[in-house]
Each structure stands twice: as C-alpha cells, then as structure tokens.
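# Structural features, examined
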Protein chains: 2
Amino acid sequence: MRIECIAIGSELLTTRRLDTNSVWIAERLADLGLGLHRKTAVGDHRGDLAELCEEAFRRSDLIICTGGLGPTFDDFTKEVWADTFGVELKEDAKCRADLVDWYAQRKRVPPPANFKQVLFPEGSLPLLNPLGTAPGVWWEHGAKAIVLLPGVPREMKRMWVEQVEPRLKPSSGGAMHTLRMVIGGVPESTLDQRTESIRATHAHLDWTILAGLTQVELILRSPDPLALAAARAELETELGDDLACVGIGDLENAVLDALRFRKESLATAESMSGGLVASRLTAIPGASDVFKGGAVVYSAGAKLALAGLDADLLQEHGTISEATTLALARGIREKLGATWGLAITGNAGPSLDEGGKDHALGDCILAVAGAERHEVRSFSIPGDRVDIQLRSAAWALDLLRRMLIAAG
Amino acid sequence: MRIECIAIGSELLTTRRLDTNSVWIAERLADLGLGLHRKTAVGDHRGDLAELCEEAFRRSDLIICTGGLGPTFDDFTKEVWADTFGVELKEDAKCRADLVDWYAQRKRVPPPANFKQVLFPEGSLPLLNPLGTAPGVWWEHGAKAIVLLPGVPREMKRMWVEQVEPRLKPSSGGAMHTLRMVIGGVPESTLDQRTESIRATHAHLDWTILAGLTQVELILRSPDPLALAAARAELETELGDDLACVGIGDLENAVLDALRFRKESLATAESMSGGLVASRLTAIPGASDVFKGGAVVYSAGAKLALAGLDADLLQEHGTISEATTLALARGIREKLGATWGLAITGNAGPSLDEGGKDHALGDCILAVAGAERHEVRSFSIPGDRVDIQLRSAAWALDLLRRMLIAAG
C-alpha cells in the first residue's frame, strides 16, 4: 500500500513553521506495519494544491492531508478535493448542530464563516473533531482512501487515534517491529564500518543510521521480531559499551538509569555548555531522583562562589585546564553531596569569559569525579558555537555513562 | 519561476528528524523574491526518488535536493539524477584531491567508500564543501537547474550562501524585504486581534504570524521597503513594550542587549526549568559580558548550597512559593554579585523534588530581584513537561525584559 502525507499551508513553506504532523503520522503508520512513501508541503494556492491532489490520487492508495479546514479565505482543502472528483459540497446536519453547540458552550453564536466547516464532499464521511470547530473527512474511492484532518496537532492526533486508525488495516505482513539502538561516542562513518558485516548478514531488515550532533542511532525494522532479536544479539556483541540504550531513550536516559540502578547521584558544573547537561537531564521525568542540581559557572566569580573553586588554583592553571576542570567537578560534587561531579570547560566562541583566547575554538575539557575515581579528557570539537556546546554536553554525558558502566 | 525542494532520507519520514533545511532555503529564496512552490521528503528508496526526480523536473524550473550525498550504502542522490538523464558519473580531480587533503589534515586516509563522493553526473559542476566530505552539484539543463546539497545543515547553509545564491537571479519584482518582529508575553490570538486594523490598512504586504512555545513572531514581506517602514511604525505604537525585538534575534537577545546597554549583569537560579534560561542565554555569543552564571537548584540541598536559601524559610513556605522563589532570586544575585537575580520554581511533572504534589501541574512562580526593585509572578502554564519547562523559561526572560525596560 502506497501512502503519502500532504501538509497544506503557506506557513509551512515560507517561514519557520515545521510540519510535525506528518512526522507523527509516519510513526503511527509504522506501528501498523505501514510505510510512508513521501510527504509534501504545499502552500495555500488552489492551483498548486489541485495539481498535487490529482497526482497523489494517481500514485498513492492512501492520502492523508492536514490543514486547510479552517473558516478563513485561505482554507479550501475540501473544495479542491471535491473539484478533483467533480462533486459538490453538502452540509452535514450533525456537524452543523455540533458547531452551534460548540459555540453555545462558549456563550457565542458561530461567525458566518465557520459554517463552511460543516460542508463535505458528496460521498465522503465527516470525522468529528472533539477539540475544535474543524471536522475532518474520510473518503473512500474503491480500494483507495483520502483522509482530511485539521492542521492543529492536538486536534489532528486525537482524531487520528480515535477515528482514522480504526479504519486502517494493518499491513498483511503484520505489524512492523522496530529495534532502536542509541550509540554514544562513535562517529557515523565508524559505526557504518563496524556494522557492515552484520548488515550484510541481515540484509532483509530495513536499516537506517541516524547521525545527530549528540548521538548516533541505529534503527532496524522488520515484521519478524525474531529476525530483529538475532541482529540485536550480534550488534550488542559488536558495540559493547558503545551501546548507550536500546528501545526508547537517549544518552541522558542511559545516564539517569545507570545512576538510579546504582543508587547514586550527580551534580554538574558547566561553563562552556551553559546548562545544557542540566537541562537535558531535567527534561526527563524523575530526573530529580538522582540529579541534585548544578552550577552554570559562566564567570570566574561563579566558579569560585558556586563550585568552590580555589582562586589560587584558577590563577595558576587558568580556566580551560585539566586541573581547574577536575577541581570544578570535585567542588560541585562536594557542595551538593553527590556521588559524582561532572564539569565542562572550553572555548565555544567569541568573548567567552574563560581565557578563551589562549585556546582554539572547540577546545573542551571534561571531568568526572567520584569518591575514588576520576577521569579528565581533552577534546577538540568541530562546528560552530551551538554545535560545540551541544557536542560538549553529549560527550560529557557519554563519559559519565562509560564510567558508570566501568564501575560495574 | 517554479521552485521546489526535495529532502532525501528515510529518517525524514519518521519522528526522528525534521527537515529544517528546506525551511531555511525557503527563507533565503524569499529574500530574493523567489517563492517555494512545494517541498517533498522522500525515503532512501531508489524507486521512489527516481519517480520524484522525473516529475519534479517536468513541473519545476529549479529543483533543490538536500541529503543522500554521503559515503554510505543508502546515499544515491547523484546516481539517481544521473540515471534520470541517462548519463554516467565521472570523477572530479579537484574534489578527489580535496578529499585526500581533508583526511590528511586529520592524519588519516579516506575510507574507500568516500571516493564515491567525488563522482558527479556528466555535464554538472561540483559545489565545494568547505566543512565536510560531501561536495554538492550544480546542474543546468537549458533554463532549468538542479542543485544537490548535503543534508547536514551547517554544510548545506554555507554552500548555499557562497555558491548557490550567487548563481540565482532575483525575481524580476526585485529583491524581497522582510520585517520580523518578536513579541513577548502576548498570545497569538490576542496579537491577531490587536494587529487586525493595521493588517487591513497594509493588506498589500505579505503577513504571517508565527506562534511558538516561547514567543510569537510577526513576519512581513514586501518588495517595497517604504511600505514595510510605514507598517512598522504603526506596529511599534500598537505593541509598545510587548515588542521584544525587530530584525534578527529572540527574547534572549533582547534581554542580553538591554543588560549590556545598562551595563548590568544577571544571575539565575532555576528549579523547574532545569537550566533552560542559562542555556538559552549562553547560546548567544558574548553572553558572558552580562551573564555571570547560574544555579540549577533541582534539589532542596542545591537551593541551600548554591543559592544561599535559608533552610527555615524553605521549611516554612515550601519550594513552590513566592517567598522561596524571591529568596532564590535574591540569593543567587548576591552570591554572584550580579545586578539582577532571576529564579524559577514550579511543577513540571512527576516526581519533581519540590513538593510538586501540593501544586497543580504547570504551576510556576517567577521572581526577578534587583537592588531596589523586585517582581514575583505566579502562573499556570499549559502543556506537557517539556512545554511547561520551555514556557517557564521564556516567561521568565520576558518578565526580566519588561523590568529592564521599565527601569528606563
């Protein structure tokens, strides 16, 4: 079954609005074993949309459109689809009553423009919208189907789950299974090389390598869970400690889980990364079980006042030094009574207040300190300011993760 | 001129990766007065890509592809385009030398797979990639052109600016001018209402309202800079202090600029937001001029140790209280010797270590303290955990911004 998504709205083309709807839909489809073949964004221009509708209906079996169901002049998704099949729009009595009700609950009457939202192409079925005034459309044409949903993600998602998914048949191959592995500290090209022979052995699986600034992911899909399990076993052997997590989660989850398992805790002192490690960790529910807090030691004064750094040591070694970074990790660990202290210093770009001019852009020092063990590492990180900050935070999380594993 | 973008990569059809490249390209095109007609994302499947290339070349004059130029098995954008026109791929000697050089500088030799990156369709021109190993392609066919760029945004953007834009002709309507305004603390619907009559007066401009989790933007475009200036004057009057910045920049830039102008400084104590304010500020080059640092006070212990909170006060009022939040702002201000202290407490979700169970999800308290003035505000923030964290950080920045403006 060939499936495509169409996101309608000029804002998706000309501005910084991203179409996240079709991304979410793709994931739901994948769980049914259904693949998305393409997604397209098109502006609020009738001609462009009409052309796209015609070609989409020719090539695809299921077409999912989001957007263009509102009351304003530039909403005409239903009109264009009706034109494509040469049918009229007709009012649905139940939807009209719902619309009047919706406004009545808010002690208003519907503005005239909103009544166009209760018109539907002849032969199609309305999809109710419990969260807004824009109903959707389910429209079958022989073995093919067209689904029209509102562009507001919250409304679209609820309607998808309650009204669209029950109408879809899972792939005859059965539901698709996914194996996701997050790898820390290994560049994409190295991972490609190291997994080459395993990929060759398991070439019948669907393989993707996703490289981001902060981690690399390996995604395998197959209708056969045993085939995935076999590949997983080989990958686990090959990757060893480089494998940060399997399934849901990212580097920060791996760190929090390892700390929780060991009943240990963490405190951070971040200079160059400006709080990124702390904010990545605290974005995870339950982080407070093991994350005590941290300091963003963005000035010499903050290093002394918050992480208990010794002024003489700072004077002697400078900020971007192994001695200072280790002292920051030890200082914040002690201040917050944590099992582990983690510190990051470095030069991420212009006018960073840590003697950055004596160091190359991207120079970075990481330190992790525990009661009995510590590690200090120096790196040169490529990229621009934000790249360097993001990578330094990720590498710090990965260093800590490896130390927790090594601690057994 | 009909223009389309094609983003290539299976990850773009999953939730793992959003195609931000074509959004950025759309902005750059708009500045040249050129409109994007559609954008499509397609997976790493040769058949799907081949079909799309053929139809795109039929309907569009300029086709911009990103992705699929890497060294791995699932990179074949150049191969598919060469097949579309029935030509061979040929090695480019300069690009080969560049590749060997690139690795030599890193004291390595190129892996064999990378040599496929220096092959180009016959008749096309290589676009050099100063930041990576994947050169791009510029390929003219009569009045039409095909541009192939790497999917890595940093590499793509630099190549676009330096090598693609100089080859594009601005629209005959002349270059497009853009006016961007960032508005803090005003919901999209309110902004829509407040600007309605100005939009009516200046209906010939191209208007967009972009609502994000952390700010609302108003984007106006026109080939006529005087028309933009006239609308700007009216908007500035209407928006007053709600207008955070005009042109480049976001809320955090407005805050840093206001501090710098006043020769003042800031320290933060973040509980619920876990370091987001600090990381947003430090993502901006030069933040260290005015940002002294901060504490991520994610536990009671951290509040006492890092922000000098009094244990009795905490005991008496609890964490999510106006008294405690103000004390945190004052405490961190004093610890770091900053002009202003900013603190955030609240409940962003499960098991947050601040007595969150006595408070509704989304309850949030912000405090800003200076030598002579302070403000404390309580909010109820909608959304899920990450929404609440992001919004609390944005609202805190906006509160500080307004206090700096009010201070004159």
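Scoring rules and cut-offs
Once a new chain begins, its residue numbering starts again from 1 and follows that chain's sequence as written. Lettering for chains starts from A, numbering for ligands starts from 1, and both go in the order in which the items are written. In view of the model being predicted, local features appear only for residues whose pLDDT reaches at least 70, and side-chain atom pairs are presented and counted only at 80 or more, with totals across whole chains, interfaces and linings using the full set of residues. For the least-squares superposition of copies, only C-alpha atoms count, and only for residues with pLDDT at least 70 in both. By the convention adopted here, residues make contact when the C-beta atoms placed from their backbones lie within 7 Å. A pair of strands is treated as paired once DSSP finds two or more bridges between them. Only DSSP runs of H or I covering at least 4 residues are called helices, and only runs of E covering at least 2 are called strands; the numbering of each starts at the N terminus. Axes here mean lines fitted to C-alpha atoms, for a helix over just the part in contact, with angles spanning 0 to 180 degrees between N-to-C directions. Remark: C-beta atoms are placed from the backbone, and a residue is labelled buried if 20 or more other C-beta atoms sit within 10 Å of its own, exposed if 12 or fewer do, or partly exposed between those counts. Here the arc refers to the set of directions running from the helix axis out to each C-beta atom. For any helix crossing, the convention is left-handed if the near helix is rotated counterclockwise from the far helix by under a right angle, and right-handed if that rotation is clockwise. Note on residue classes: Ala, Val, Leu, Ile, Met, Phe, Trp, Tyr, Cys and Pro are nonpolar, Asp, Glu, Lys and Arg are charged, and everything else, Gly too, is polar. Note that domain bounds follow an automatic or database assignment of domains. Multiplying 1.5 Å by the residue count of a helix minus one yields the expected span of that helix.

## Observations regarding the relation of the copies chain A and chain B
For the match of chain A to chain B, the screw axis carries a shift of 1.8 Å, the RMSD comes to 2.4 Å, and the turn is 180°. Between the two chains, the operation in question is that of a two-fold axis. No C-alpha of chain A lies nearer the rotation axis than that of Thr40 of chain A, which sits 2.6 Å from it. Of the residues that chain A buries at the interface, 85% are likewise interface residues in chain B, meaning the two copies contact each other through the same surface.

## Details of the sheet that holds strand β7 (residues 136–141) of chain A
Strand order in the open sheet made by the twelve strands is β6(A)-β7(A)-β8(A)-β3(A)-β1(A)-β2(A)-β2(B)-β1(B)-β3(B)-β8(B)-β7(B)-β6(B), with mixed pairing throughout. Looking at which strands have only one partner, the edges of the open sheet turn out to be β6 (125–127) of chain A together with β6 (125–127) of chain B. When strand polarity is set aside, the average angle formed by the axes of neighbouring strands in this sheet is 15°. Of the strand pairs in this sheet, strand β1 (residues 3–8) of chain B and strand β2 (residues 38–42) of chain B are connected by five bridges, and their pairing is parallel. Bridge pairing in β2 of chain B links Glu4 of chain B to Arg38 of chain B. The strands that helix α4 (residues 77–84) of chain A touches are β1 (3–8), β3 (62–66), β7 and β8 (144–149) of chain A; relative to β8 of chain A, the one it contacts most, it runs at about 160°. Across the sheet, helix α6 (residues 153–164) of chain A lies against β3, β6, β7 and β8 of chain A, angled at about 145° from β8 of chain A, the strand it touches most.

## Thoughts on α6 of chain A
Residues and elements named next belong to chain A. The set of residues buried in α6 consists of Glu155, Met156, Met159, Trp160 and Val164. All buried residues of α6 fall inside an arc of 130° around its axis, so they share one side. Across α6 from its buried face, at more than 90 degrees, point the exposed residues Arg154, Val161 and Glu162. Packing partners of the buried residues in α6 comprise α2 (21–31), β3, β6, β7 and β8.

## Observations regarding the pairing of strand β15 (residues 340–346) of chain B
Two faces belong to every sheet, and in a regular strand the side chains alternate between them. All names here are of chain B. Burial of β15 is extensive: seven of the seven residues sit out of reach of the surface. A two-sided burial pattern is seen for β15, the buried positions comprising Trp340, Leu342, Ile344 and Gly346 on one face and Gly341, Ala343 and Thr345 on the other. Alignment of strand β13 (residues 266–270) against β15, held across five bridges, turns out to be parallel. Bridge pairing in β15 links Glu270 to Ile344. Here β15 runs beside strand β16 (residues 363–369); their pairing, made up of six bridges, is antiparallel. The residue of β16 that forms the bridge with Leu342 is Val368.

## What to know about the packing of helix α10 (residues 251–261) of chain A against helix α15 (residues 385–406) of chain A
Residues and elements named next belong to chain A. Put simply, α10 and α15 touch, their axes get as near as 9 Å, and they point 35° apart. Note that α10 runs across α15; the crossing there is left-handed. Side by side, α10 and α15 meet where Leu251, Glu252, Ala254, Val255, Ala258 and Leu259 of the first sit next to Ala394, Leu397, Asp398, Leu400, Arg401, Leu404 and Ile405 of the second. Here the contact of α10 with α15 is built from residues that sort into ten nonpolar, no polar and three charged.

## A short note on the domain arrangement of chain A
Residues and elements named next belong to chain A. With domains assigned, chain A is organised as domain 1 (3–167), domain 2 (177–246) and domain 3 (251–406). In this structure, domain 2 and domain 3 have C-alpha centres spaced 29 Å apart. Each side of the interface is counted separately: domain 2 has nine residues, and domain 3 has eleven residues. By residue class, the composition of the side of domain 2 that touches domain 3 is four nonpolar, four polar and one charged.

## Things to note about the environment of Gly67 of chain A
Residue and element names in this part refer to chain A. Summarising the element assignment, Gly67 is placed in the loop between β3 and α4. For the pair formed by Gly67 and Asp44, sequence separation is 23 residues and the distance between their alpha carbons is 9.6 Å. Apart from residues no more than four positions distant in its own chain, Gly67 is found in contact with Ala7, Ile8, Gly9, Thr77 and Gly151.

## A look at the environment of Thr282 of chain B
Considering the arrangement of structural elements, one finds Thr282 of chain B in helix α10 (residues 276–282). Each C-alpha atom, one on Thr282 of chain B and one on Met156 of chain B, is 25 Å from the other, the two residues being 126 residues apart in sequence. Setting aside anything within four residues of it in sequence, one finds Thr282 of chain B in contact with Gly274, Gly275 and Tyr298 of chain A together with Ala287 and Phe291 of chain B.

## Considerations on the sheet that holds strand β16 (residues 363–369) of chain A
The strands making up a sheet are joined through hydrogen bonds of the backbone, oriented either antiparallel or parallel. Strand order in the open sheet made by the ten strands is β17(A)-β16(A)-β15(A)-β13(A)-β14(A)-β14(B)-β13(B)-β15(B)-β16(B)-β17(B), with mixed pairing throughout. Each edge of the open sheet is held by one strand with a lone partner, namely β17 (374–380) of chain A together with β17 (374–380) of chain B. When strand polarity is set aside, the average angle formed by the axes of neighbouring strands in this sheet is 10°. As judged from the seven bridges shared by β16 of chain A and β17 of chain A, these two strands associate in the antiparallel manner.

## Some points on helix α13 (residues 322–336) of chain B
All names here are of chain B. End to end, α13 covers 21 Å across 15 residues, agreeing with the expected 21 Å (1.5 Å per residue, within 8%). Those residues of α13 not exposed but buried are Thr324, Thr325, Leu326, Ala327, Leu328, Ala329, Arg330, Gly331, Ile332, Arg333, Lys335 and Leu336. The positive-phi residue at the C-terminal boundary of α13 is Gly337, with phi of around 60°.

## Things to note about the interface of chain A and chain B
Facing the 66 residues of chain A at the interface are 63 residues of chain B. Split by residue class, the side of chain A that touches chain B holds 27 nonpolar, 23 polar and 16 charged. Of the strand pairs in this sheet, strand β14 (residues 291–296) of chain A and strand β14 (residues 291–296) of chain B are connected by three bridges, and their pairing is antiparallel. By the bridge assignment, Ala295 of chain A is partnered in β14 of chain B with Ala295 of chain B.

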